[in-house]
Amino acid sequence: MRLLLFSLTVLLLCGAPLMAEAGGNGAFPYEYRVETLDNGLTVIMIPMESGGLMSYYSVVRTGARDEYEQGKTGFAHFFEHMMFRGTKNYPAKVYDRMVTEMGADANAYTTDDYTCYHMSFASEDLETVIKLESDRFQHLDYEEAAFQTEAGAVYGEYRKNRSNPWAVLFEDLMKTAFTRHTYGHTTIGFEADIEAMPTMYQYSRDFFSRYYRPDNVVLMLAGDFNSENAMKLIRSYYGEWKAGYAKPDITPEPEQKRERSVNIRYDGKTLPLMVVSYKSPALDAGNRLVVAGSMLGELLFGESSDIYKKLVLKEQKLQFIGADFGFNRDPKLWSIYAMIKNESDIEMVRQEIDKTIAAFRDTPVTEKQLTDIKKRLKYSFLMDLDTPDAVAGGLARFVALTGGIDVVNTLYATYDQITPDDIRQAVSTYLTPEKRTIATLKGRK
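Here's a quick rundown of the structure. (Residues numbered from 1 in each chain as written. Predicted model: local features only at pLDDT ≥ 70, side-chain atom pairs only at ≥ 80, totals over all residues. Heavy atoms only, no water.)

Taken N-terminus to C-terminus, the directions of helix α2 (residues 75-82) and helix α5 (residues 144-161) make an angle of 115 degrees; their axes are 10 Å apart at the nearest point. The interaxial crossing formed by α2 with α5 has right-handed handedness. Each of Phe75, His77, Phe78, His81 and Met82 in α2 lies in contact with α5, whose residues at this interface are Phe147, Glu150, Ala151, Val154 and Glu157. Residue composition of the contact of α2 with α5, grouped by class: six nonpolar, two polar and two charged. (Axes fitted to C-alpha atoms, helices over the stretch in contact; angles between N-to-C directions. Helix = DSSP H or I, 4+ residues; strand = E, 2+ residues; numbered from the N terminus. Left-handed = near helix turned anticlockwise from the far one by under 90°. Contact = heavy atoms within 4.5 Å. Nonpolar A, V, L, I, M, F, W, Y, C, P; charged D, E, K, R; others polar.)

In structure tokens, the structure reads:
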């Protein structure tokens, strides 16, 4: 594995082109193969040397975003729990025992845009894994009593999360920033909906039937395996799964035309928190303005930025400052977040954020700054591709948002084309006061 990392690093530093999918070069260094079954199930296979290990990802392209019906938020996350309840063929205890006997690492997570189930294991157990995973996706089985027990556990998770001031802040931030779109609730859902969840057993069955369909799922295999053998097994175990994905009826968010803010009083001790969030575009990897915008977080507020050096390192006014300018399926938020040491500095920090944005709007970024960030983006991407789990995990969001991984090569090719003027235009287009929501949280003294 160290040899692989070394090779990737040398290739990057030498500026040599890295081979991607047959038919073209790109940033993604492994060859891959994509197949789609007649029922719409997409399979992405990424063979790589990994010492007999591999990872198996089942990406359901449904997350909190897809919960569009009033009073029924939280079900995408709920199924992250229920999917470990087992089937008639493999009840939960049997599933757990088989995973343990394989020495496999199985887990799942839910986001705003997708739900992901993943397992890492020895390649010799591939058929057993396909058998288990295909069975629970097609034949998940649970009684109403088990449903109510798990719904209660989810409500407990929600209440536990409320002890985290960041969770409290983001819940209010999203409700304030979005008035129509489903991004207005966080992944775990609104509290009233979660509390009422135990009464919605039949709805849970409908939700599963609507979204857990082969034409809404992408399998991703990475590691030591034979693609031909893997496809034979997948056709055999998933071939009878019936298509029938129903697209959610999501209301677009109207254009935001004035600044919004929310002040939160947290019933616990914490340093003051501030998040400044700007409405961001959906992922469009070939769009230079969108891609330039995604670079602003690291460029303006990363650890090498002037504001970080001033407020965190030199003056020590902040515990930290950072930014999340990631990608989503629909227009969402690009956010700058800070933990402030004294309440009296909250307004000063907001003004410093404004000054930083104004400076990049008025004065073009230097070629050196831009080249450095392009190198960091590509270097960190490549260095994170060192294991099958890291490869599949790093690609999961792109797969969920677009249905494939070609977008990765498009995105990094666009990064290479970005100019200082693209950066200036992105600042002027996206980081404007009327498109932002400011959330501040103060704790109990």
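Picking up after the structure, the text goes on.
Another point: helix α4 (residues 126-139). Over its 14 residues, α4 extends 20 Å from the first C-alpha to the last, a length consistent with the 20 Å expected when each residue adds 1.5 Å. Burial of α4 is extensive: 10 of the 14 residues sit out of reach of the surface. (Expected span 1.5 Å × (residues − 1). Buried < 20%, exposed > 50% of the residue type's maximum accessible area, 1.4 Å probe, protein only.)

Our focus in this paragraph is the environment of Met274. Looking at the element boundaries, Met274 is found in strand β8 (residues 273-280). Taking the relative accessible area as the measure of exposure, Met274 reaches 2% and is therefore buried. Each C-alpha atom, one on Met274 and one on Tyr211, is 36 Å from the other, the two residues being 63 residues apart in sequence. Excluding residues that lie within four positions of it along the chain, Met274 makes contacts with Ile336, Tyr337, Ala338, Ile340, Ile346, Val349, Arg350, Ile353, Ala439 and Thr440.

Along the chain, the position of Asn164 falls in the loop between α5 and α6 (165-177). Accessibility expressed as a relative area gives 36% for Asn164, which makes it partly exposed. Each C-alpha atom, one on Asn164 and one on Thr270, is 9.4 Å from the other, the two residues being 106 residues apart in sequence.

Quick look at the sheet that holds strand β2 (residues 42-47) now. Spatial ordering of the open sheet is given by β1-β2-β6-β3-β5-β4, a layout of six strands whose pairing is mixed. Edge positions in the sheet fall to β1 (33-36) and β4 (105-110), since each has one partner strand and no second. The mean angle between the axes of side-by-side strands here comes to 15 degrees, regardless of whether they run parallel or antiparallel. Sheet topology note: the β1/β2 ladder contains four bridges and is antiparallel. When the sheet's bridge partners are listed, Val34 is paired in β2 with Ile44. The sheet strands contacting helix α9 (residues 227-238) are β1, β2, β3 (53-60) and β6 (217-223), and the helix crosses β2 at an angle near 155 degrees. (Pairing = 2+ DSSP bridges.)

Right, let's get into the nonpolar core. Note that soluble globular proteins tend to have their nonpolar side chains buried in a common cluster. Formed by 71 residues in total, the largest nonpolar core has its most connected members in Phe28, Ile46, Met220, Ile321, Ile353, Val391 and Ile423. Considering each element in turn, this core owes the most residues, eight residues, to helix α15 (residues 388-402). Listed in part, the 55 residues of the second largest apolar core include Met45, Leu126, Val129 and Ile234. (Core = buried A, V, L, I, M, F, W, Y, C linked by side-chain atoms within 4.5 Å.)

With respect to the helices and strands, the residue Phe398 is situated in helix α15. Sequence-distant contacts of Phe398, that is, excluding residues within four places in its chain, are made with Leu283, Phe327, Gly403, Gly404, Val407, Val408 and Leu411.

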